[in-house]
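Summary of the model geometry
Now for the letters of each chain:
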Amino acid sequence: MKPEHIRLFQVAALSVAALFAGSVHAQADEARAKKIAGGSCFLCHGANGESTSELFPRLAGQHAEYIAKQLDAFKTGKRKSTAMSEMVAKLTPDEMLALGKYYEKMSLPREEAKDPQLAGMGRYIYHNGNKFSGVPACVSCHGMNGEGAANLPRLATQFSGYIHNQLKSFNKRERTNDNAVMHTVVEKMTELEMAAVAEYVSSK
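What comes next concerns the included structure. Given the structure is predicted, the values throughout are model-derived calculations rather than measurements. Residue numbers here run from 1 along each chain, matching the order of that chain's written sequence. Where local features are concerned, this predicted model is filtered to residues with pLDDT of at least 70; where side-chain atom pairs are given and counted, the filter is 80 or more; whole-chain, interface and lining totals use all residues. Where side-chain values are given, they derive from all heavy atoms of the structure, hydrogens and water being excluded.

The way it works is that DSSP assigns letters per residue, a run of H or I at least four long becomes a helix, a run of E at least two long becomes a strand, and they are numbered from the N terminus. Along its length, the chain carries nine helices and zero strands. Counted from the first residue to the last, the chain has its helices and strands arranged as α-α-α-α-α-α-α-α-α. Relative accessible area decides the class of each residue, using a 1.4 Å probe on protein chains only: under 20% of the type maximum gives buried, over 50% gives exposed, and in between gives partly exposed. The buried share of the chain, reckoned over its 204 residues, is 40%. When contacts within the chain are restricted to residue pairs at least 6 apart in sequence, long-range pairs at least 24 apart make up 66% of them. Calculation of accessible area relied on Shrake-Rupley with a 1.4 Å probe; when residues are assessed, cover is drawn exclusively from the protein chains displayed. Here the chain has roughly 11900 Å² of accessible surface; of this, 60% comes from carbon and sulfur atoms. The contact criterion used is simple: two residues touch if any of their non-hydrogen atoms lie within 4.5 Å.

See the structure below:
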């Protein structure tokens, strides 16, 4: 075998080994995430990230990086929650991201708005804002269908009640992370506008 052929063979072998190692590592991460989720997360967030109450967010389909960011915020105290700080106290950054990837793969069916008229109002505010009070359009950050991004939450299919509560928490300065933008947005929103936007985007 010619030297150049040997070199190509070695490179190919290393590439295959790297891919195999990456696959094994990913499987180990997923297995670990599944064990953690099954041990504690499911009690509030459901076996498939569907949540058991509007008090707890649905995690199915949420961005992995965003979930990891919030878990870290709970651990460091940037986001306050006695229950969550205890849950995440022993999680490593790798485990947080693994949990994020675990839930990101899940999905929930779209549900129609329970209050179509309220959702109609929310649709206008979400896409256009309120020029009379200075409320900006939510779509500029959260996307046309509430899909969010790696550093922004997916709002589609989330409980309207949970979204509403988070908006109120931002308004009262009780939500202690992701403050900079959200505080300036919600301080101009009325209670009705918050409820309307939550009702609309949850049905996306």
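Now, onward.
Taken together, the buried positions of helix α8 (residues 179-186) are occupied by M182, H183, V185 and V186. For α8, the angular spread of buried residues about the axis comes to 165 degrees, placing them on one side. Next to the buried residues of α8 lie α7 (160-171) and α9 (191-202). The reported arc concerns the directions from the helix axis to the C-beta atoms and nothing else.

Further remarks concern helix α4 (residues 93-104). In a regular helix each residue adds 1.5 Å, so twelve residues correspond to 16 Å; α4 covers 16 Å between its end C-alpha atoms and thus fits that length. Along α4, the positions that sit buried rather than exposed are E95, M96, A98, L99, G100, Y102 and Y103. What a helix should span is 1.5 Å times the count of its residues minus one.

This part covers the pattern of salt bridges. Whenever a carboxyl oxygen of Asp or Glu lies within 4 Å of a side-chain nitrogen of Lys or Arg, that contact is scored as a salt bridge. Tallying each qualifying case throughout the model produces eight salt bridges. R32 is the partner of E95 in a salt bridge, and the nearest nitrogen-oxygen pair spans 2.7 Å. Pair noted here: E95 is in helix α4 and R32 is in helix α1 (residues 3-45), with a separation of 63 residues, a long-range link. By relative accessible area, E95 is classed as buried at 14%. The residue K69 makes a salt bridge to D178 at a minimum N-O spacing of 2.9 Å. One end of the pair, K69, is in helix α2 (residues 64-76); the other, D178, is in the loop between α7 and α8, with 109 residues separating them in the sequence. On the basis of relative accessibility, which here comes to 36%, the residue K69 falls in the partly exposed class. For D178, a relative accessible area of 26% gives the class partly exposed. By sharing partners, the salt bridges in this structure join K69, R175 and D178 into a single network.

What follows covers the side chain of Q62. With respect to the helices and strands, Q62 occurs in the loop between α1 and α2. On the basis of relative accessibility, which here comes to 6%, the residue Q62 falls in the buried class. With near-sequence residues (within four places) excluded, Q62 lies in contact with I67, G100, Y103, E104, L152, P153 and R154.

Looking now at the packing of aromatic side chains. Given two aromatic rings, one states the distance between the centres and the angle between the planes to describe the pair. Only Phe, Tyr and Trp rings are paired, with Trp represented by its six-membered ring, and only when their centres lie within 6.5 Å; those with planes under 30 degrees apart are stacked, over 60 edge-to-face, the remainder tilted. Here the structure, examined in full by the defined rule, presents two aromatic pairs. Judged by centre distance (5.6 Å) and plane angle (55 degrees), the rings of Y126 and Y200 are tilted. Remark: Y200 occurs in helix α9 and Y126 occurs in helix α5 (residues 116-128); sequence separation between them is 74 residues. Each member of the pair Y126 and Y200 is classed as buried. Of note, R58 hangs over the ring of F159, and the distance from its end group to the ring centre comes to 3.9 Å. The criterion for a charge sitting over a ring is simple: Lys NZ or Arg CZ within 6 Å of the ring centre, and within 35 degrees of the ring normal.

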